[in-house]
Amino acid sequence: MLGLLFFLSFVSLARSEYAVRIGLLYNGEIADGWNYAVELGRAHLQDDVYVADILAEYHESVLNETDMDRIISDWVDRDFDVVIGTSWEYQTTITRIAAETLKEGKNTKFAVLTGWETGPNLMVTVSKLYQVKYLLGYLGGLMSKSGKQCYIGAVRDDPCMRKEKGEARETKSGS
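Computed from a predicted structure; not experimentally measured.

Concerning the overall build of the protein chain
Then, number 1: Looking only at helices and strands, the protein chain features 6 helices and 5 strands.
Then, number 2: In sequence order, the secondary structure elements of the protein chain are arranged as α-β-α-β-α-β-α-β-β-α-α.
Then, number 3: Within the span of the protein chain, comprising 175 residues, buried residues form 40% of the whole.
Then, number 4: Just so you have it, the protein chain exposes about 10,100 Å², and 56% of that area is on carbon and sulfur atoms.

What follows is the structure in structure tokens.
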């Protein structure tokens with residue numbers, strides 16, 4: 001949450017009835033695990049005294065690129081300050097739209113949670129999880145009697161592969 005507030009400090013606050021406009025794309029229903037945690041943060045930010053007059057719109061279960069493009073473009077056209085994709089799945093679309101927005105001279109900023117690519121108007125959060133996996137792998141290697149370790153990942157994707165590689169590298173150096 002502190003990172004989001006820091007990010008918002010770069011946003012221009014001189015505008016219509018809302019000081020800050022934020023759009024959030026959820027990759028599933030709000031009641032689901034990670035999305036619920038992000039939703040609690042959004043509700044806290046909108047209801048708290050940190051930023052007065054905040055508009056936070058969101059869309060649930062946005063998974064195909066056509067819908068992503070339509071929703072994000074609408075927010076950019078409506079001069080939203082920040083657009084946040086709550087999962088790495090939004091990285092490609094948001095990176096493309098962020099670059100287009102920058103070329104058009106618009107002020108919208110973008111963020112991708114668990115993303116990996118940044119730009120002048122694009123940030124990522126939680127991108128250093130591989131460092132935690134590195135340390136856990138190192139610790140696992142120190143604790144293993146056989147020098148072997150097992151990692152079970154729910155989904156094989158780019159961020160997971162980075163984490164597994166970091167953990168495997170440190171298991172070897174820790175044992």
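That covers the picture; the talk isn't over yet.
Comments concerning the sheet that holds strand E1 (residues 20-25)
Then, number 1: An order of E2-E1-E3-E4-E5 is seen for the 5 strands of this open sheet, with the pairing classed as parallel. Taken across any chain shown, the strands that pair with only one partner, and hence form the sheet edges, are strand E2 (54-59) and strand E5 (122-125). Looking at each pair of strands side by side, their axes are set apart by 20° on average, direction ignored.
Then, number 2: Strand direction decides the pairing type here: strand E3 (residues 82-85) and strand E4 (residues 109-113), joined by 4 bridges, are parallel. Bridge assignment links Val82 to a residue of E4, and that residue is Lys109.
Then, number 3: Each of E1, E2 and E4 is contacted by helix H2 (residues 33-47), which is oriented at about 160° to E2, the strand it contacts most.

Regarding the side chain of Thr108
Then, number 1: Considering the arrangement of structural elements, one finds Thr108 in the loop between helix H4 (91-103) and E4.
Then, number 2: For Thr108, a relative accessible area of 3% gives the class buried.
Then, number 3: Of note is the side chain of Thr108, whose polar atom sits 2.8 Å from the backbone oxygen of Phe80.
Then, number 4: Beyond its immediate chain neighbours, meaning those up to four positions away, Thr108 contacts Val76, Phe80, Asp81, Val83, Thr101 and Asn121.

Brief notes about the packing of aromatic side chains
Then, number 1: Under the definition given, this model contains 3 aromatic pairs.
Then, number 2: Pairing Trp88 with Trp116 gives two aromatic rings, centres 6.4 Å apart and planes at 40°, and the pair type is tilted. A residue pair is termed long-range when its members are at least 10 positions apart, and Trp88 in the loop between E3 and H4 and Trp116 in the loop between E4 and E5 qualify at 28 residues.
Then, number 3: The class for Trp88 is partly exposed, based on a relative accessible area of 26%.

A word on the packing of helix H3 (residues 65-77) against H4
Then, number 1: It is the contact of H3 with H4, at a shortest axis distance of 10 Å, that shows an interaxial angle of 35°. Handedness of the crossing formed by H3 with H4: right-handed. Across the interface between the two elements, Glu65, Met68, Asp69, Ile72, Ser73 and Val76 from H3 touch Thr93, Ile94, Arg96, Ile97 and Thr101 from H4.
Then, number 2: For the contact of H3 with H4, the class distribution of residues is 5 nonpolar, 3 polar and 3 charged.

Focus on the pairing of E3
Then, number 1: Alternating positions in E3 separate into two faces, Val82 and Ile84 on one and Val83 and Gly85 on the other, with burial throughout.
Then, number 2: Relative to E3, E1 runs parallel, the two being bridged by 4 bridges. Looking across to E3, one finds that Leu24 is bridged to Ile84.

Focus on H4
Then, number 1: For H4, which comprises 13 residues, the first-to-last C-alpha distance of 18 Å matches the rise-based estimate of 18 Å (1.5 Å per residue) to within 8%.
Then, number 2: Those residues of H4 that sit buried are Gln91, Thr93, Ile94, Thr95, Ile97, Ala98 and Thr101.
Then, number 3: Among the residues trailing H4, Gly105 stands out with phi positive, at a value near 80°.

So, how was this worked out
- Residues numbered from 1 in each chain as written.
- Predicted model: local features only at pLDDT ≥ 70, side-chain atom pairs only at ≥ 80, totals over all residues.
- Heavy atoms only, no water.
- Helix = DSSP H or I, 4+ residues; strand = E, 2+ residues; numbered from the N terminus.
- Buried < 20%, exposed > 50% of the residue type's maximum accessible area, 1.4 Å probe, protein only.
- Areas by Shrake-Rupley, 256 points an atom, 1.4 Å probe, with all protein chains shown as cover.
- Pairing = 2+ DSSP bridges.
- Axes fitted to C-alpha atoms, helices over the stretch in contact; angles between N-to-C directions.
- Contact = heavy atoms within 4.5 Å.
- Polar contact = N/O pair within 3.5 Å; in protein donor to acceptor, adjacent residues only side chain to side chain.
- Phe/Tyr/Trp six-rings, centres within 6.5 Å; stacked < 30°, edge-to-face > 60°.
- Left-handed = near helix turned anticlockwise from the far one by under 90°.
- Nonpolar A, V, L, I, M, F, W, Y, C, P; charged D, E, K, R; others polar.
- Expected span 1.5 Å × (residues − 1).

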